[in-house]
Amino acid sequence: MIFDSLKNSALYYPVSPRLEKAFGFIASTDWETMEPGIHELDGKDIYVNVMEPELKKPADAKLEIHDAYIDIQVLIRGEQETFGWSERADLRKPLGEFDAGKDIRFFDDEPQTFYTLRPGQFTIFFPEDGHAPMIGEGNVRKIIVKVRK
C-alpha cells in the first residue's frame, strides 16, 4: 500500500512498468467532466472507473483483494475518503469465493488500520493489500485506475 501526494507520483514509476503511463493519464485528464463508468485508457492493461458513490460507515465497508490489477485510487471531489487496510496474508474471514471475472474477493475481517485521503493525494493497493474503500459521509467523485500488474 502506498499513500502520497500526486505531486510525488514519479517516485513510484519504478514499482511497475505501467505506473508511469497510468499517472500520466491521471495528470492529463479532466476527471470532473468524464462520465461515470468504466473507460479504457490503454486497453485492458490500464482502465479507469469514474465513480460518484455515497460513502459508507466503517462496518459496511468490506475489505477486498485483487489478483490481476493494482489499484490507484484518487479523490477528485469531496472533502475526504477513509480507507481501511490489512495485509492480505492476515485475512481470515472470506465472504464467498474469488470472482476472477471481476478480479475481486471480499472479507469480513476488521481492518488493521485506517487512513484518510484528500483531493490531491492518491493511494495504491497491490495484490498483497486488503483494502476497504469508500468510508466516510456524503457523496464524492473518485477514480480507480486499474493497472495490470
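Rules behind the numbers
- Residue numbers here run from 1 along each chain, matching the order of that chain's written sequence.
- Thresholds applied to this predicted model are a pLDDT of at least 70 for local features of residues and 80 or more for the giving and counting of side-chain atom pairs; totals over whole chains, interfaces and linings are not thresholded and use all residues.
- Calculation of side-chain values draws on the structure's entire complement of heavy atoms; hydrogens and water are dropped beforehand.
- We call a residue buried when its accessible area falls under 20% of the maximum for its residue type, exposed when it is over 50%, and partly exposed in between, using a 1.4 Å probe and counting protein chains only.
- For helices the rule is a DSSP run of H or I covering at least 4 residues; for strands it is a run of E covering at least 2, with both sets numbered from the N terminus onward.
- In short, DSSP must find at least two bridges between two strands for them to pair.
- Note on method: axes are straight lines fitted to C-alpha atoms, helices fitted across the in-contact stretch only, with angles between N-to-C directions ranging 0 to 180 degrees.
- Under this definition, polar contacts are N or O atom pairs within 3.5 Å; protein pairs additionally need one hydrogen-donor-capable and one acceptor-capable atom, and for neighbouring residues in sequence, both atoms have to be side-chain atoms.
- A contact between two residues is defined here by any heavy atoms of the two lying within 4.5 Å.

The protein chain carries the name DUF386 domain-containing protein in an unreviewed UniProt entry, which gives Alistipes onderdonkii as its organism.

Moving on, we come to the pairing of strand 6 (residues 81-87). Taken across its 7 residues, strand 6 has 6 buried, putting it largely inside the fold. As paired elements, strand 6 and strand 8 (residues 113-117) share 5 bridges and run antiparallel to each other. Of the residues in strand 8, the one forming a bridge with E81 is L117. In this structure, strand 6 lies alongside strand 10 (residues 129-135), joined through 5 bridges in antiparallel fashion. What sits directly across from G84, in strand 10, is A132.

With that settled, the discussion passes to the sheet that holds strand 11 (residues 141-148). Pairing in this open sheet of 6 strands is antiparallel, and the strands run 1-9-5-11-3-2 from one edge to the other. Two strands in the sheet have a free side with no partner beyond their single neighbour: strand 1 (2-5) and strand 2 (37-42). Adjacent strand axes in the sheet meet at a mean angle of 20 degrees, parallel and antiparallel pairs treated alike. As paired strands, strand 2 and strand 3 (residues 46-51) are joined by 5 bridges and run antiparallel to one another. Residue pairing in the sheet places H39 in a bridge with V48 of strand 3.

Let us now look at the side chain of D129. Inspection of the secondary structure puts D129 in strand 10. Separated by 2.9 Å, the side chain of D129 and the backbone nitrogen of M1 make a polar contact. A polar side-chain atom of D129 sits 2.8 Å from the main-chain amide nitrogen of F126. For D129, the residues in contact, after removing those within four places along its chain, are M1, E64, I65, W85, S86, R88 and I124.

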